[in-house]
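Reading the structure
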Amino acid sequence: MDDEGVISPARVRSHTSGQRFTILVANAKGGCGKTTLATNLASLYARRGSPVSLLDLDPQQSADTWLNLRRQSGLTGIESLRLPLSGELRRADLADKLRRGGPRVIIDSPAGLDARTLEPLLQVSQVVLVPVLPSPLDIRSATRFLQTLMLTRSYQQHPRRLAVVANRTRQRTVMFSQLKRFLQSLKIPYLASLHDTQLLAQAAGEGKGLFELDQGRAHAHLDDWQPIIEWLEVQRQLIRSMSADR
Ligand SMILES: Nc1ncnc2c1ncn2[C@@H]1O[C@H](COP(=O)(O)OP(=O)(O)OP(=O)(O)O)[C@@H](O)[C@H]1O
Ligand SMILES: [Mg+2]
């Protein structure tokens, strides 16, 4: 953690957009785990001392509520950026918010994202994580969402690094087998399966990430998250080395 868990604003703000790594968490389907993924990733970065900002676009402001609870629990290390969506999302507004962010920004997006809103979001993001639940309706809507995303002008011009995460999985269930078959059939990486656990809701209620609960309780889930963190780090390094070559 940076000096006693507090990220210096000067350090956070000194990063230019060229160096910033922006992770968009998105899926048009409600309740699939976007906020859970965004907040837990942010807390994982905060725990290891990597400056991170969380941009909440959802009018419900769930991620921001979590950040408020977090402050009440005395936890720091995540900078809050807010831009509750209402009407058209302008790239200039988004870029302006991101300029206030640190070297890593995680964007939590609301349900119901359409192609028009996705365009500016994809323009500013380096990677996109799509959580999907193991149910036939969720698989259908994920298919539609991924098609919409891949057909946007922004994606066609610069294919974003896109990956899918299975969420709330229960081993040895028919639904999980179906979801795994679907995810493996996609030509995009399927990074991880996050198990269904009440610990996530418990942690969220305290403004914590899963790994900020007592070690014993959360330890069994660490392996679930590791491939996501590793994949993100590889993407970040790739992007940095590509921009250094230019
Ligand atoms: N792996 C999991 N195990 C157990 N509960 C989970 C898991 N992932 C998410 N949940 C729970 O599912 C509910 C919905 O999750 P979350 O709020 O992250 O979804 P969302 O996609 O952000 O929803 P919305 O579209 O409304 O913003 C929450 O109560 C959350 O605690
Ligand atoms: Mg949400």
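For the structure itself, look to the data block above.
To start, this report covers the structure provided alongside it. For clarity, every value in this text was computed on a predicted model and none was experimentally measured.

1. A short note on the overall build of the protein
- Broken down by element type, the protein carries 11 helices and seven strands.
- Against the compact-globule benchmark of 18 Å for 246 residues, the protein has a radius of gyration of 17 Å, which places it among compact chains.
- Each of the three principal axes of the protein carries a C-alpha extent, and together these read 50 × 45 × 40 Å.

2. A closer look at the pairing of strand β1 (residues 21–25)
- Among the five residues in β1, five count as buried, and that is most of the element.
- Along β1, one buried face is formed by F21, I23 and V25 and the opposite face, lined by T22 and L24, is buried too.
- In this structure, β1 lies alongside strand β4 (residues 104–108), joined through five bridges in parallel fashion. Its bridge partner lying in β4, T22 is registered against V105.
- Looking at chain direction, β1 and strand β5 (residues 127–132) are connected through three bridges and run parallel.

3. Regarding the sheet that holds β5
- Taken in spatial order, the seven strands line up as β3-β2-β4-β1-β5-β6-β7 in an open sheet, and their pairing is parallel. Both outer strands of the open sheet, β3 (78–82) and β7 (190–195), are each paired with one neighbouring strand and no more. Strand-to-strand twist across the sheet, computed as the mean angle between neighbouring axes with direction ignored, equals 20 degrees.
- Relative to β4, strand β2 (residues 52–56) is paired through four bridges, and the arrangement is parallel. Each bridged residue has a counterpart across the sheet, and for L55 the counterpart in β4 is I107.

4. Considering the site of ligand 1
- Taken together, 19 residues are adjacent to ligand 1, and G30, K34, T35, T36 and A111 come closest.
- Residue assignment for the shell around ligand 1 shows that the elements contributing at least two residues are α2 (34–47), β6 (161–169) and α9 (198–205).

5. Comments concerning the environment of T143
- Checked against the element boundaries, T143 lands in helix α6 (residues 136–151).
- A tally of 13 C-beta atoms within 10 Å means that T143 is categorised as partly exposed.

6. Thoughts on the environment of K180
- The residue K180 is located in helix α8 (residues 174–185) in this model.
- Sequence spacing of K180 and G77 is 103 residues, and the spatial spacing of their C-alpha atoms is 35 Å.

7. A few points about the nonpolar core
- Residues V25, A42, L54, I106, I107 and V165 are the most contacted members of the largest nonpolar core, which totals 59 residues.
- Examining the composition of this core, we find that seven residues originate from one element, α2, more than from any other.

Procedures and definitions
- Chains are numbered independently. Their residues run from 1 in the order of the written sequence.
- Here every chain gets a letter starting at A, and every ligand a number starting at 1, in the order they are written.
- Owing to the predicted nature of the model, reporting of local features is limited to residues with pLDDT of at least 70; listing and counting of side-chain atom pairs is limited to 80 or more, with chain, interface and lining totals taken over all residues.
- Under the DSSP-based scheme used, a helix requires at least four consecutive residues in state H or I and a strand at least two consecutive residues in state E, with every element numbered from the N terminus.
- Both definitions apply: the radius of gyration is a C-alpha atom measure, and the globule rule equals 2.2 Å times residues to the power 0.38.
- Residue burial is a threshold on neighbouring C-beta atoms within 10 Å of the residue's own C-beta, all placed from the backbone, with 20 or more meaning buried, 12 or fewer meaning exposed, and counts in between meaning partly exposed.
- Any two strands between which DSSP finds at least two bridges are classified as paired.
- The axes used here are C-alpha line fits, helices contributing only the stretch in contact, and every angle between their N-to-C directions lies in the interval 0 to 180 degrees.
- We call a residue near a molecule or strand if the C-beta atom, set from the backbone, is within 6 Å of it.
- By our criterion, buried Ala, Val, Leu, Ile, Met, Phe, Trp, Tyr and Cys residues that link up through C-beta atoms within 7 Å make up a nonpolar core.

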